[in-house]
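Observations on the model geometry
Here's the letter readout for the chains.
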Amino acid sequence: MDSNIVVLKFGGSSVADNLKLNVVAKKIIDFYKENLRVVVVVSAQGKTTDGLIKEAKELANLPNDREMDVLLSTGEQVSMSKLAILLNRLGYEAVSLTGMQAGIKTNDLNQNAKIENIDTTRIEEELEKGKIVIVAGFQGYNEKGDITTLGRGGSDTTAVALAAVLNAKHCYIFSDVDGVYTTDPNKITTAKKLETLSYEEMLEIANEGAKVLHNRCIEIGEKYNVPIVTKSTFNNKPGTILQDEKIQNIEQNKLQNQIESKLYNKQDNIENKTYNKQDKIEDARVKSIVKNDDIIYINMKYDTYSPEMFYKIYATLVKNQIGANHLQNNSTHHTDISFTCPASALNKFQNLLEKDFKSFDTTYTNISRIAIIGHGIRNDDTILEKVLNIIELNQLEIYHLEVNESKIAMLFTTKVSNTILEQLHKELVEE
Ligand code: ADP
Ligand code: ASP
Ligand code: MG
């Protein structure tokens, strides 16, 4: 029998204030009225999580990891309870559950915990009573019974994991954008919406740091074949559908049910996938361009050198899941090691530094990475040529260049402006 459960996830900008919570409540009620059992996952309101991190850092330069998770988890609890209060007032029974109440068991890696399993007993009991269940995103609990958080943007992962274990029909990710675009539509206004995407393509885009979906939610979606639909909270346009490529077309038609198609305007800015006579059939197509400015270049120096030191540093970074990349041993005369890591891992890294590598001379630089993604782009030399041309014209310095089957990625020595993204998008996507 087809499942009648849907999971709806609303991000920070969607639940930012009471006015927006009313829009969200209305959306939830629309689904509920379709005789669907509705599980909602919410993020913290607006920039609450950023604010909590900032406040903790004002109290202690290197806040304790366990306590940080206790603090950060409060953001989602505020939004889930407000939403439940509102839905109850509107006459729809709703119950809010923390990660622990929802049975979300994780490992014990603070601020980057992985979901191990979910005991859905309580959620199912509440659904059975006809209630709308609202779960706090981004949080779970570990073996000790302590609160853990899943990493920045982790509410998407809560939603898709719940959709997988509940065998939900669809997992809808609602945000301020109505789908996945050829590049960040908030940076480049000519970006085009992608109607469908395979998990593989989306994973590349998310791994490069496009916020629209948390990378780990895509892995879960692929593993358990959860159809993920990204849509806007603030309009009813069709979103981007992410699922197994073979069933994409069939599902695309099925999805045009009442909720989906309201106010749908065919003129929407959607990427055209049909063959047209000017096409060269085997030409590679750039699917999406991601510019990530949340990357830190770290350099660590020490007077003496030993190869063991390199291994020790690398092992420590891996063990603590710092997300280190582009690791380089710059000298064999003295220790001079560089690597990059996401800005969100900086607090954790500084904790390690304090503990294990205090005597190192360590410097940090904010840099950007741009990735151009699309199947077969290595086979078309003109793409790389055009990219390098733009970089040269803008006199930018590349620290690391990566070219593979489906991606060209450049790491710069500084932060680069959106103008570069605009030029690349114009040349590679709009042409
Ligand atoms: P939420 O708070 O709802 O989880 P996020 O901020 O995490 O939302 O993700 C949505 C944001 O992702 C958008 O505001 C947009 O700026 C950004 N984004 C980056 N790249 C893309 C892309 N290729 N397509 C759509 N949105 C993108
Ligand atoms: N509130 C968390 C964050 O800001 C989780 C999320 O929004 O998905 O990262
Ligand atoms: Mg997000």
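Everything in this summary refers to the structure shown in the same document. Because the structure is predicted, anything quoted here is derived from the model rather than measured.

1. Some details on the site of ligand 2
- Looking at ligand 2, the residues that line it are Ser43, Ala44, Thr49, Glu76, Phe138, Arg152, Gly153, Gly154 and Ser155.
- A distance of 3.2 Å separates an oxygen atom of ligand 2 from a polar atom in the side chain of Ser43.
- Contact distances for ligand 2 include 2.8 Å between a nitrogen atom and a side-chain N or O atom of Thr49.
- Contact with the protein chains removes 87% of the 270 Å² of surface that ligand 2 exposes when unbound.
- For the shell around ligand 2, the per-class residue count stands at two nonpolar, five polar and two charged.

2. Details of the nonpolar core
- Of all hydrophobic cores here, the largest spans 42 residues; its most connected members are Val39, Ile123, Val135, Met202 and Ile218.
- Each residue touching Met202, except ones within four places of it in the same chain, is listed here: Val180, Leu197, Val212, Leu213, Ile218 and Leu242.
- Within the second largest apolar cluster, 28 residues are counted, among which are Val15, Leu36, Ala136 and Val229.

3. A closer look at the site of ligand 1
- In the vicinity of ligand 1 lie 17 residues, with Lys9, Asp176, Tyr181, Asp184 and Asn186 positioned nearest.
- For ligand 1, an oxygen atom lies 3.0 Å from a polar atom in the side chain of Lys9.
- Taking Tyr181, its main chain carries an N or O atom lying 2.9 Å from a nitrogen atom of ligand 1.
- For ligand 1, the accessible surface in isolation is 570 Å², of which the surrounding protein chains cover 83%.
- When the residues that make up the shell around ligand 1 are grouped by side-chain class, the tally is seven nonpolar, six polar and four charged.

4. Section: the pairing of strand 18 (residues 407-412)
- Among the six residues in strand 18, six count as buried, and that is most of the element.
- Because side chains alternate across strand 18, one face comprises the buried residues Lys407, Ala409 and Leu411, and the other comprises Ile408, Met410 and Phe412, equally buried.
- When strand 16 (residues 361-373) meets strand 18, the two strands line up antiparallel, connected through five bridges. If you follow Ile370 over to strand 18, its bridge partner there is Met410.
- As paired strands, strand 17 (residues 398-404) and strand 18 are joined by six bridges and run antiparallel to one another. Bridge pairing links Asn404 to Lys407 in strand 18.
- Turn length for the strand 17-strand 18 hairpin, with the two strands adjacent in sequence and antiparallel, is two residues.

5. With respect to unusual backbone geometry
- Even without being glycine, His326 reaches a positive phi, approximately 50 degrees.
- By secondary structure assignment, the location of His326 is in strand 14 (residues 325-329).
- One non-glycine residue, Gln395, adopts positive backbone phi at about 50 degrees.
- Positionally, Gln395 belongs in the loop between helix 12 (381-393) and strand 17.
- Overall, the relative accessible area of 73% leaves Gln395 in the exposed class.

Each value, and the rule that gives it
Residues numbered from 1 in each chain as written. Chains lettered and ligands numbered in written order. Predicted model: local features only at pLDDT ≥ 70, side-chain atom pairs only at ≥ 80, totals over all residues. Heavy atoms only, no water. Near = heavy atom within 4 Å. Polar contact = N/O pair within 3.5 Å; in protein donor to acceptor, adjacent residues only side chain to side chain. Areas by Shrake-Rupley, 256 points an atom, 1.4 Å probe, with all protein chains shown as cover. Nonpolar A, V, L, I, M, F, W, Y, C, P; charged D, E, K, R; others polar. Core = buried A, V, L, I, M, F, W, Y, C linked by side-chain atoms within 4.5 Å. Buried < 20%, exposed > 50% of the residue type's maximum accessible area, 1.4 Å probe, protein only. Contact = heavy atoms within 4.5 Å. Helix = DSSP H or I, 4+ residues; strand = E, 2+ residues; numbered from the N terminus. Pairing = 2+ DSSP bridges.

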